[in-house]
Each structure stands twice: as structure tokens, then as C-alpha cells.
Number of protein chains: 2
Amino acid sequence: MSSEVCEIKSLRQDVLEKVSNEMEDNEFYEKISSTFKLLGDYNRIRIISALHCHEMCVCELSILLDMSQSSISHQLRILRHNNFVKYRKEDKKVFYSLNNSQIYDLIKEGESI
Amino acid sequence: MSSEVCEIKSLRQDVLEKVSNEMEDNEFYEKISSTFKLLGDYNRIRIISALHCHEMCVCELSILLDMSQSSISHQLRILRHNNFVKYRKEDKKVFYSLNNSQIYDLIKEGESI
DNA sequence: TGTTCACATGAATATATGTTCATATGTCTA
DNA sequence: TAGACATATGAACATATATTCATGTGAACA
């Protein structure tokens, strides 16, 4: 809040008050922006979209998306920690799938922008 | 595509083919992810939300959101270049507003995640 | 015409983030 | 039980991105 710019007289206090009242609290915008940040990566979007089509193991995702196994694992960890994906273990493999379709629905919404 | 992992036999070729056919092309995911990346910043989300409430000048945004004038200007430039906001000049001031409500609608969709 | 105001912008800086590399873990099989 | 396979993960590295700082631009005004 720099005092060098914008004297009080030049501000429309009524507008500031109106907007301030209408806006949500900071936690709201922190949550929303962090959700979008997770969707703001090319490879994560592709992983989510792939899993929306079919449950897959790390190895299959790696081949399908032409990414290293390590990179896929790192990204899946992020998606796991944010409850976007779930997994089940079968023998040596770990099969991942979308936790629910909400996140994919949001991606489809973003399509129209 | 590392050849050290995942022999052909362990992959389900039918699944890979199915998913590969269902998925969009890379340009699609690049566009979507870059859109979400723009929404993946706390201050940009707040700017968009504020402008959804009311047209405002840089100075007012700066005070309202407790950000420096420079930072607001830089972020507005990004939003401008991506056609999220429009502006009009009046005397010494520049008033910004949302170009359309699509982007705000998307933010509201993200609320439920 | 010089000064103030409002905003824009380039450069520098700091930080966040994604990938790679090396390695650890756990499971299955010969 | 040794080795291959599938995945996870920490550290290092490279890159992207947001903010600050300094300064430039243009309009109003005395």
C-alpha cells in the first residue's frame, strides 16, 4: 500500500466499498488459484485427460504421453496429494484413475475460453 | 520414450490405443493448460474478481488489493494480452473491465472443486 | 512550460516449479 | 535368494514467473 500514488480524493470510495463487500475472503481466492495452478500444466492436464479415458499404470502413462517414468510419478504424487486421482496396487503395478469427474468437467469448461 | 522401462508385453496395447484415440491433440491441451495457468495466480484471480464487480482504474485496484501500482500494471498487461480485460482511457486514468464474463464463470465453476 | 498525477515498462531479483538423474523400495520369478 | 520389474523419491538443475525498483510516457494544470 504505497502512499505515493493515488491521493484519497482521486479514489471512488463508494466503488471500493461496493467491490470490497462483494468480493470473497482471501482464503477463497487462495484455494481457487491453487486449484487452477494444478490445471495450469500441460503434462498434468494430459495425465488427467488420459485417466478420464481409462485407468492406467505409471508405465502406460509414461509410454502414452512420452514422458519419463520419474516425471509421471512426480506429477501423480501432486495429483494424489490434491485428491484428484486414486490408485490401486496389483502385483508390481500401480493403477491410477480419476477420483471423480469434477476436475475433468472443469477442464471441459475451460475449453470454451 | 525410454526403452529401459516397460517391455511391450506388460503394456495393454488395446487400452493405449483406446485412450490415444479418445484424447485430443496436443494443441488442445496446450491451450487449455495455458488458460488455467493464467487463472492459477492469487493476485490475478483477485483482479479478475474485482473487475467482475465493477470497472476500476489501476490506482483503485492497487489500493483495493493492497498491491503496488507496478505489480497491478504488469498483471493487467498479461490479462490484456490474453483478452481477459479491456480498458478505456479517461483523462489521466485507465479504467479496466472484464472483456466478457466467461472467464469469471470458469472461476465460479472452480469453486466447487 | 514546468510539475504533478496516473500508468506502463524494462531490468534485476527472488522464488516457484518441472524435469532429470541417481537411487531406494517392494513385488514377482527363475 | 538373486535378479528383473514397476514405482517412488530426494537432490540437483534449469526454467518460468511474479514482484520490486527505477524510469519513461503522456495528460492535466498552475
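Just so you know, these numbers come straight off a predicted model, no measurement behind them. (Residues numbered from 1 in each chain as written. Chains lettered and ligands numbered in written order. Predicted model: local features only at pLDDT ≥ 70, side-chain atom pairs only at ≥ 80, totals over all residues. Heavy atoms only, no water.)

Asker: For this particular structure, what's the right way to read the protein's contact with DNA strand C?
Answerer: Near DNA strand C there are 28 residues, and of these Asn-43, Arg-44, Ser-70 and Gln-75 of chain A together with Tyr-96 of chain B occur at the shortest range. Within 4 Å of the protein, the contacting atoms of DNA strand C are 66% sugar and phosphate, with bases supplying the remainder. Here Ser-70 of chain B contributes a side-chain N or O atom positioned 2.8 Å from a base oxygen of DNA strand C. With respect to DNA strand C, the backbone of Val-94 of chain B contributes an N or O atom lying 3.3 Å from a phosphate oxygen. Secondary structure elements with two or more residues in the surface near DNA strand C: helix H3 (42-53) and helix H5 (69-81) of chain A together with helix H4 (58-65), helix H5 (69-81) and strand S3 (93-98) of chain B. (Near = heavy atom within 4 Å. Polar contact = N/O pair within 3.5 Å; in protein donor to acceptor, adjacent residues only side chain to side chain. Helix = DSSP H or I, 4+ residues; strand = E, 2+ residues; numbered from the N terminus.)

Asker: Please clarify how unusual backbone geometry should be interpreted in this entry.
Answerer: Unlike most non-glycine residues, Asp-91 of chain A shows phi in positive territory, near 55 degrees. One can find Asp-91 of chain A in the loop between strand S2 (85-90) and strand S3 (93-98).

Asker: Explain the side chain of Glu-60 of chain A here, please?
Answerer: In this structure, Glu-60 of chain A sits in helix H4 (residues 58-65). Not counting chain neighbours up to four residues away, the residues in contact with Glu-60 of chain A comprise Phe-95 of chain A together with Leu-11, Arg-12 and Leu-16 of chain B. (Contact = heavy atoms within 4.5 Å.)

Asker: Teacher, can you tell me more about the pairing of S3 of chain B here?
Answerer: Side-chain direction in a regular strand flips from residue to residue, so the side chains alternate between the two faces of the sheet. All names here are of chain B. Two strands pair when backbone bridges link them, and strand S1 (residues 56-57) and S3 are joined in this way by two bridges, in the antiparallel orientation. The residue of S3 that forms the bridge with Met-56 is Tyr-96. Here six bridges tie strand S2 (residues 85-90) to S3, and the two strands are oriented antiparallel to one another. Opposite Arg-88, over in S3, you have Phe-95 as the bridge partner. In this antiparallel pair of consecutive strands, S2 and S3, the connection spans two residues, and Asp-91 shows a positive phi of 55 degrees. (Pairing = 2+ DSSP bridges.)

Asker: What exactly am I supposed to notice about the sheet that holds S3 of chain B here?
Answerer: Pairing between the strands of a sheet comes from backbone hydrogen bonds, and it takes one of two forms, parallel or antiparallel. Residue and element names in this part refer to chain B. Judged by pairing direction, the sheet is antiparallel, and its three strands sit side by side in the order S1-S3-S2 without closing on themselves. With one partner strand each, in any of the chains shown, S1 and S2 form the two edges of the open sheet. Sheet strands touched by helix H3 (residues 42-53): S1, S2 and S3. Its angle to S3, the strand with the most contacts, is close to 90 degrees. (Axes fitted to C-alpha atoms, helices over the stretch in contact; angles between N-to-C directions.)

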